[in-house]
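Remarks on the overall topology
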Amino acid sequence: MLTIASVLLVITCIALIILVLLQSGKSAGLSGAISGGAEHLFGKQKARGIDLVLHRATIVVSVIFFILAVAVSFFA
């Protein structure tokens, strides 16, 4: 069981890295670093298309990663 969970953890880890790298940056430059959080929180632009799919897939894969990490530590 530990081997299966470890293999699934590695696959999920690679998928999570790929999903994060495929996402576009939310802000650029120094002005984005200063006001980027407020723009994201209060901005009227909603993620659409592929950005929305990548965002939701990242959330799902990160939850799976967390569950598998706990499972591997439990079995070890």
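Everything discussed here concerns the structure shown above.
Here the structure is a predicted model, which means the values were calculated and not measured.

Cut-offs and rules
Numbering of residues starts from 1 in each chain and follows the order in which that chain's sequence is written. Reporting in this predicted model follows two pLDDT cut-offs: at least 70 for local features of residues, and 80 or more for side-chain atom pairs to be given and counted; totals over whole chains, interfaces and linings ignore these cut-offs and use all residues. For the side-chain quantities, the full set of heavy atoms in the structure was used; hydrogens and water were omitted. Secondary structure elements are defined from DSSP: runs of H or I of at least 4 residues count as helices, runs of E of at least 2 residues count as strands, and each element is numbered from the N terminus. Burial status follows relative accessibility: with a 1.4 Å probe on protein chains alone, a residue under 20% of its type maximum counts as buried, one over 50% as exposed, and anything between as partly exposed. Definition of a polar contact: a pair of N or O atoms within 3.5 Å, with one able to donate and the other able to accept a hydrogen when the atoms are protein atoms, and with sequence-neighbouring residues admitted only if both atoms are side-chain atoms. Residue contacts are counted whenever heavy atoms from the two residues lie within 4.5 Å of one another. Expected helix span is computed as 1.5 Å times (number of residues minus one).

**Topic: the environment of Val70**
Within the fold, Val70 resides in helix H3 (residues 50–75). The partly exposed category is assigned to Val70, whose relative accessible area is 44%. Separated by 65 residues in sequence, Val70 and Ala5 place their C-alpha atoms 9.9 Å apart.

**Considerations on the environment of Phe66**
Checked against the element boundaries, Phe66 lands in helix H3. Here the alpha-carbon distance between Phe66 and Leu9, two residues 57 residues apart in the chain, equals 9.0 Å.

**Some remarks on the side chain of Thr58**
With respect to the helices and strands, the residue Thr58 is situated in helix H3. What makes Thr58 buried here is its relative accessible area of 14%. Of the polar contacts made by the side chain of Thr58, one reaches the backbone oxygen of Leu54; its length is 2.6 Å. Apart from the residues within four sequence positions on either side, Thr58 is in contact with Leu16, Leu19, Val20 and Gln23.

**Observations regarding H3**
Compared with the 38 Å implied by 1.5 Å per residue over 26 residues, the 37 Å span of H3 between its first and last C-alpha is a close match. Taken residue by residue, H3 has Leu54, Thr58, Val61, Leu68 and Val72 as its buried positions. Each element contacted by the buried residues of H3 is listed here: helix H1 (2–22).

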